[in-house]
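One-letter residues, chain by chain:
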Amino acid sequence: MKKNKLNLSRTIDNILTYTILIIMAVIFLFPCLWIILASFSKTGSLYDFKGFFPKEYSLQTFIDLFTDDVNGLYPYKTWFFNTLYVATCSSIIGSVLVLLTAYVMSRFRFKGRDTIKKTTLVLGMFPGFMGMTAIYIIMTQLGLIDRLESLIFFYAATTPVGYMVQKGYFDSISNTIFEAARLDGATNLEVFLKITLPISKPMIVYTMLTQFAWPWSDVLLPKLLLKDRNMWTVAVGLFNLPETYFSRFAAGAVFIAIPIVILYFCLVKHIVNGMTAGAVKG
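Just so it is clear, the structure is predicted and the values come from calculations on it, not from any experiment.

### Here we look at the overall build of the protein chain
Here is step 1: For the protein chain, the helix and strand inventory stands at 13 helices and two strands.
Here is step 2: The buried share of the protein chain, reckoned over its 282 residues, is 35%.
Here is step 3: Taking all contacts inside the protein chain whose residues are at least 6 apart in sequence as the whole, residues at least 24 apart take part in 75%.

Shown next as structure tokens:
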């Protein structure tokens, strides 16, 4: 009797759990489905939708996205390669800086180390837009307005502040490996390059992907620093599309999301391993 009640209770609990999960999945997936279907709208205007979805569908929007720049007003191809350039360079440079910072904070003991840790934790609590005025003035003084290098400089320079996840991963590596390498005469740089990095593949993948995703989708900083339409990133360009080009906006949003989705699916194992290992210690 007790066993039957326990099974019934467990069944009801499972049904409720899966029902809630399905409802939440539908709520989160519906906007994605809507924007994908909107990207195939034949008319292109948001006002021609029948309810939530377009009346007619066509692939012409995706073709026009790369072939028709509307007399130079919406050069999506240029925006896409601008975004790719900024995201790739920022990912490589930023990953090198944050990994070096995390390694130093994990393996070396020096005066002021705890102060640096506390300071970076406090700075991480403030939203990035608070310093936008100062960033604009600095970039103006450096002559970096309307240059993609200004974005790369900012994204890469600010990444070391978020070193705690990488530090947690390095903390989880046994110190005996490093001690053995030093006994064999390896320098600190050799220990980092030949021992630490080869066994830190999950964290390297996680770091590079997160550093790539931020500039890939950021709109606030590029909109502030880039005035020339041909220097815009995709996020800024889509932000400035009028409502009559809504299907083009949707198609551009879908297309810009595809590389990130593919990368996440291909590297999900390393991402999860990097996140979980990096959360072992602080």
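### Observations regarding the confidence of the model for the protein chain
Here is step 1: Of all residues in the protein chain, 89% attain a pLDDT of 70 or more, and the chain-wide mean is 82.
Here is step 2: Considering each helix and strand of the protein chain separately, the mean pLDDT is smallest for strand β1 (residues 49-50), with a value of 68, and largest for helix α3 (residues 76-107), with 91.
Here is step 3: The model gives residues 278-282 a pLDDT under 50, and that stretch makes twelve contacts with residues more than four places away or in other chains.

### Re the nonpolar core
Here is step 1: Counting 31 residues, the largest nonpolar core has Tyr76, Leu151, Trp216, Leu221 and Val234 as its most contacted members.
Here is step 2: Those elements that place two or more of their residues in this core are α3, α5 (132-141), α6 (148-158), α10 (201-217), α11 (220-225), α12 (234-239) and α13 (246-278).
Here is step 3: If sequence neighbours within four positions are ignored, Leu151 has contacts with Val86, Ser90, Leu221, Pro222, Leu225, Leu226 and Thr233.

### Observations regarding the packing of aromatic side chains
Here is step 1: Evaluation of the coordinates by the stated rule reveals 20 aromatic pairs.
Here is step 2: Ring centres of Tyr74 and Tyr245 lie 5.4 Å apart, and the angle between their planes is 50°; this geometry places the pair in the tilted category. On the criterion of sequence distance, the pair formed by Tyr74 in the loop between α2 (60-67) and α3 and Tyr245 in the loop between α12 and α13 is long-range, its members being 171 residues apart.

### Here we look at the pattern of salt bridges
Here is step 1: Tallied over the entire structure, the rule returns four salt bridges.
Here is step 2: The shortest N-O distance in the salt bridge between Asp68 and Arg248 comes to 3.6 Å. With Asp68 in the loop between α2 and α3 and Arg248 in helix α13, this residue pair connects regions lying 180 residues apart in the sequence.
Here is step 3: On the basis of relative accessibility, which here comes to 34%, the residue Asp68 falls in the partly exposed class.
Here is step 4: As a salt-bridge pair, Asp171 and Lys167 come within 2.8 Å of each other at their nearest N and O atoms.

### Thoughts on the environment of Gly72
Here is step 1: Secondary-structure assignment places Gly72 in the loop between α2 and α3.
Here is step 2: We classify Gly72 as partly exposed; its relative accessible area is 29%.

### Describing the packing of helix α8 (residues 175-183) against helix α9 (residues 188-196)
Here is step 1: Packing of α8 against α9 leaves a shortest axis separation of 10 Å and a crossing angle of 125°. Taken together, the axes of α8 and α9 are oblique relative to one another. The handedness of the crossing between α8 and α9 comes out as right-handed. Residue-level contacts link Ile177, Phe178, Ala181 and Arg182 of α8 to Asn188, Val191, Ile195 and Thr196 of α9.
Here is step 2: A breakdown of the residues in the contact of α8 with α9 according to their chemical character gives five nonpolar, two polar and one charged.

### Regarding the packing of helix α7 (residues 164-171) against α10
Here is step 1: As a packed pair, α7 and α10 sit with axes 10 Å apart at the nearest point and diverge in direction by 175°. In this view, α7 runs roughly antiparallel relative to α10, as classed from their interaxial angle. When α7 is examined against α10, the residues Val165, Gln166 and Tyr169 are found in contact with a partner set consisting of Pro202, Met203, Tyr206 and Thr207.
Here is step 2: Residue classes in the contact of α7 with α10 are distributed as five nonpolar, two polar and no charged.

### A short note on a nonpolar patch on the surface
Here is step 1: Taken together, the side chains of Tyr18, Ile20, Leu21, Ile22, Ile23, Met24, Val26, Ile27 and Phe28 make up a nonpolar region of the molecular surface, amounting to roughly 970 Å² of accessible area.
Here is step 2: Residue position: Leu21 is located in helix α1 (residues 2-38).

### Description of unusual backbone geometry
Here is step 1: Here Asp146, not a glycine, exhibits a phi torsion of approximately 65°, which is positive.
Here is step 2: Take Asp146: its relative accessible area is 26%, and that puts it in the partly exposed class.

Analysis parameters
- Residues numbered from 1 in each chain as written.
- Predicted model: local features only at pLDDT ≥ 70, side-chain atom pairs only at ≥ 80, totals over all residues.
- Heavy atoms only, no water.
- Helix = DSSP H or I, 4+ residues; strand = E, 2+ residues; numbered from the N terminus.
- Buried < 20%, exposed > 50% of the residue type's maximum accessible area, 1.4 Å probe, protein only.
- Contact = heavy atoms within 4.5 Å.
- pLDDT = per-residue confidence, 0-100.
- Core = buried A, V, L, I, M, F, W, Y, C linked by side-chain atoms within 4.5 Å.
- Phe/Tyr/Trp six-rings, centres within 6.5 Å; stacked < 30°, edge-to-face > 60°.
- Salt bridge = Lys/Arg side-chain N within 4 Å of Asp/Glu carboxyl O.
- Axes fitted to C-alpha atoms, helices over the stretch in contact; angles between N-to-C directions.
- Parallel < 35°, antiparallel > 145°, perpendicular 65-115°, else oblique.
- Left-handed = near helix turned anticlockwise from the far one by under 90°.
- Nonpolar A, V, L, I, M, F, W, Y, C, P; charged D, E, K, R; others polar.
- Patch = residues over 30% accessible without salt bridge, like charges linked within 9 Å, V, L, I, M, F, W, Y side chains within 5 Å.
- Areas by Shrake-Rupley, 256 points an atom, 1.4 Å probe, with all protein chains shown as cover.

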